[in-house]
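As a plain string of letters, each chain reads:
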Amino acid sequence: MRNNTNYLKSTLLVTGLLFLGCETGVDVNKPISNKQSQNQEEPLLSGIIDKPHNQVVTTSSGQKLSIKKLYSNSAQPGYYLQVGFFERYKPNTTFERALQHSNLNYTILNKNGDYYALIGAYKSYNEAHSHMDTVRAKLHKKSFVVHVLRP
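Here the residue numbers are simple positions, counted from 1 along each chain's written sequence. Local features in this predicted model are restricted to residues whose pLDDT is 70 or higher, and side-chain atom pairs enter the listing and the counts only when it is 80 or higher, whereas totals over whole chains, interfaces and linings include all residues. Side-chain numbers here rest on the full set of heavy atoms in the structure, without hydrogens or water.

Caption draft 1: Structural context of unusual backbone geometry. Look at asparagine 112: it is not a glycine, yet its phi comes out positive at around 55°. Tracing the backbone shows asparagine 112 in the loop between strand E6 (106-111) and strand E7 (114-122). Burial status follows relative accessibility: with a 1.4 Å probe on protein chains alone, a residue under 20% of its type maximum counts as buried, one over 50% as exposed, and anything between as partly exposed. Relative accessible area serves as the criterion here: at 75%, asparagine 112 is assigned to the exposed category. Located in the positive-phi region is histidine 140, a residue other than glycine, with phi close to 55°. Inspection of the secondary structure puts histidine 140 in the loop between helix H5 (132-139) and strand E8 (144-149). We count a stretch as a helix when DSSP gives it H or I for four or more residues in a row; a strand needs E for two or more, and each element gets its number in order from the N terminus.

Caption draft 2: Broad picture of the pairing of E6. A pair of strands is treated as paired once DSSP finds two or more bridges between them. Here E6 pairs with E7 via six bridges, running antiparallel. Within E7, the residue paired with isoleucine 108 across the bridge is alanine 117. Taking the residues that link successive antiparallel strands as the turn, the E6-E7 hairpin has two residues, and the phi of asparagine 112 there is positive, at about 55°.

Caption draft 3: Just the environment of alanine 75, in detail. Structurally, alanine 75 is set in the loop between strand E4 (64-71) and strand E5 (78-87). Along the chain, alanine 75 and alanine 121 lie 46 residues apart, while their C-alpha atoms are 9.0 Å from each other. Here, two residues are considered to be in contact whenever any of their heavy atoms come within 4.5 Å of each other. Those residues within four positions of alanine 75 in sequence are excluded, and the remaining contacts are Tyr80, Leu109, Val148 and Arg150.

Caption draft 4: Main features of the packing of aromatic side chains. The aromatic pairing rule takes the rings of Phe, Tyr and Trp, using the six-membered ring of Trp, and pairs them if the centres are within 6.5 Å, calling planes under 30 degrees apart stacked, those over 60 edge-to-face and the rest tilted. In this structure the tally under the stated criterion is two aromatic pairs. Ring geometry for phenylalanine 86 versus phenylalanine 95: centroids 5.2 Å apart, planes at 65°, classification edge-to-face. Accessibility expressed as a relative area gives 22% for phenylalanine 86, which makes it partly exposed. Classification of phenylalanine 95 by relative accessible area gives buried; the value is 12%.

Caption draft 5: The arrangement of the environment of serine 72 in detail. Residue position: serine 72 is located in the loop between E4 and E5. Residue classification places serine 72 among the buried residues on the basis of a relative accessible area of 6%. Measuring from C-alpha to C-alpha, the distance between serine 72 and proline 151 comes to 6.3 Å, with 79 residues separating the pair along the chain. Excluding residues that lie within four positions of it along the chain, serine 72 makes contacts with Leu109, Val148, Leu149, Arg150 and Pro151. Side-chain polar atoms of serine 72 contact the backbone nitrogen of serine 74, separated by 3.1 Å. Distance and chemistry together define a polar contact, namely a pair of N or O atoms within 3.5 Å, with one atom able to donate a hydrogen and the other to accept it when in protein, and with adjacent residues in sequence counting only for side-chain atoms on both sides.

Rendered as structure tokens:
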């Protein structure tokens with residue numbers, strides 16, 4: 001009975017250590033040189049590599065476009081047209097009233113204290129891109145396509 005208890009304790013300890021090692025997001029099999037540790041391309045946030053913020057899409061004509069990615073738990077995933085960005089402050093009531101009167105589906109997304117005014121959601125990049133002229137006509141604002149994803 002005593003051997004079973006020791007075996008159980010050691011198994012739980014090893015399992016716990018493996019679990020913690022897997023959750024850090026650090027690739028232990030990849031060698032790190034001094035040059036790589038000084039010039040990291042992506043910031044490390046508590047051991048977890050931050051997700052990239054842009055996505056490259058090739059259109060039917062062969063043109064490559066970069067689409068900004070936003071990660072959010074609150075907004076419906078999909079493609080949106082971004083018509084405004086507000087750093088640290090919510091959009092004013094005049095801007096929100098213009099969005100309401102345009103009869104377009106819109107979302108004000110709060111991401112780390114920054115606010116994004118988004119029109120949509122659309123199922124594809126092409127669908128969102130095809131609505132750019134409509135948004136420009138109704139809001140008199142330029143827009144571009146962003147991709148909202150779950151983290």
